[in-house]
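# Summary of structural features
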Amino acid sequence: EEFQRLGAKLEHMLFAEPGLTSKQEQPRNVKVKLVQHPEGGELDVEVSAAATMGEVLAAAAEALGRPEMLQKGRLVRKQGGAFIGFGKDEHLGRRRRLMLMGIDLKEGVGPSADDDDDDQAKDSSIEAAATDASSQVAMRLSVEEGLALQKDLLQGFS
């Protein structure tokens, strides 16, 4: 319990929206830019400043009329040579630009016949990047990378 309490406090300190207090019931809406990786398509969505990554993804799926985004789409961040996925329950915090993988933003409504092949190729490239990153014995981290790693570890063990 203590670990989870400290983890929640750490997440709040690192990613809480400035100016928001627990007494405020209706946080303001913010615009979030989703950038597709590696193709580079972009989509702006508007969500609550207190939104989770799952809610950001749901807003994108609704904006495009593509419900498959909820299953195939992944919001990620680049860390070292790998892409690390955000948890669906992870809070947006101060982030206003996110990378999206697993879905083509330039594509029309509905899945295409090539989606499964594209997803398999992207999944294997993610696994290869993760393998390359995990094979390094020692690496230097910036303060931001260290905090992101600490947050990921905290979330993984809570």
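Scoring rules and cut-offs
Residues numbered from 1 in each chain as written. Predicted model: local features only at pLDDT ≥ 70, side-chain atom pairs only at ≥ 80, totals over all residues. Heavy atoms only, no water. Pairing = 2+ DSSP bridges. Helix = DSSP H or I, 4+ residues; strand = E, 2+ residues; numbered from the N terminus. pLDDT = per-residue confidence, 0-100. Contact = heavy atoms within 4.5 Å. Core = buried A, V, L, I, M, F, W, Y, C linked by side-chain atoms within 4.5 Å. Buried < 20%, exposed > 50% of the residue type's maximum accessible area, 1.4 Å probe, protein only.

Summarising the sheet, strand E3 (residues 74-79) and strand E4 (residues 82-85) pair through four bridges and their orientation is antiparallel. Opposite glutamine 79, over in E4, you have alanine 82 as the bridge partner. Two successive antiparallel strands, E3 and E4, enclose a turn made up of two residues, where glycine 80 displays a positive phi of approximately 65°.

This next bit is on the confidence of the model for the chain. Any segment with low pLDDT has predicted coordinates that should not be analysed in fine detail. Overall, the predicted model of the chain reaches an average pLDDT of 75, with 68% of residues at or above 70. For the chain, per-element mean pLDDT is lowest for helix H4 (residues 115-134), which scores 49, and highest for strand E2 (residues 42-48), which scores 93. Contacts from residues 109-115, a stretch scored under 50 in pLDDT, to residues over four places away or in other chains number ten contacts. Low pLDDT (under 50) marks residues 128-137, which in the prediction has four contacts with non-local residues, meaning those over four places away or in another chain.

We now examine the nonpolar core. With 22 residues, the main nonpolar core has Val32, Val47, Val56, Leu75 and Leu98 as its most contacted residues. Within the residue set of this core, elements represented by two or more residues are strand E1 (29-36), E2, helix H2 (53-64) and strand E5 (97-101). Counting residues per element, this core draws most heavily on H2, which supplies six residues. Other than its neighbours up to four places away in sequence, valine 56 contacts Val32, Leu34, Val45, Val47, Ala51, Leu75, Leu92 and Leu98.

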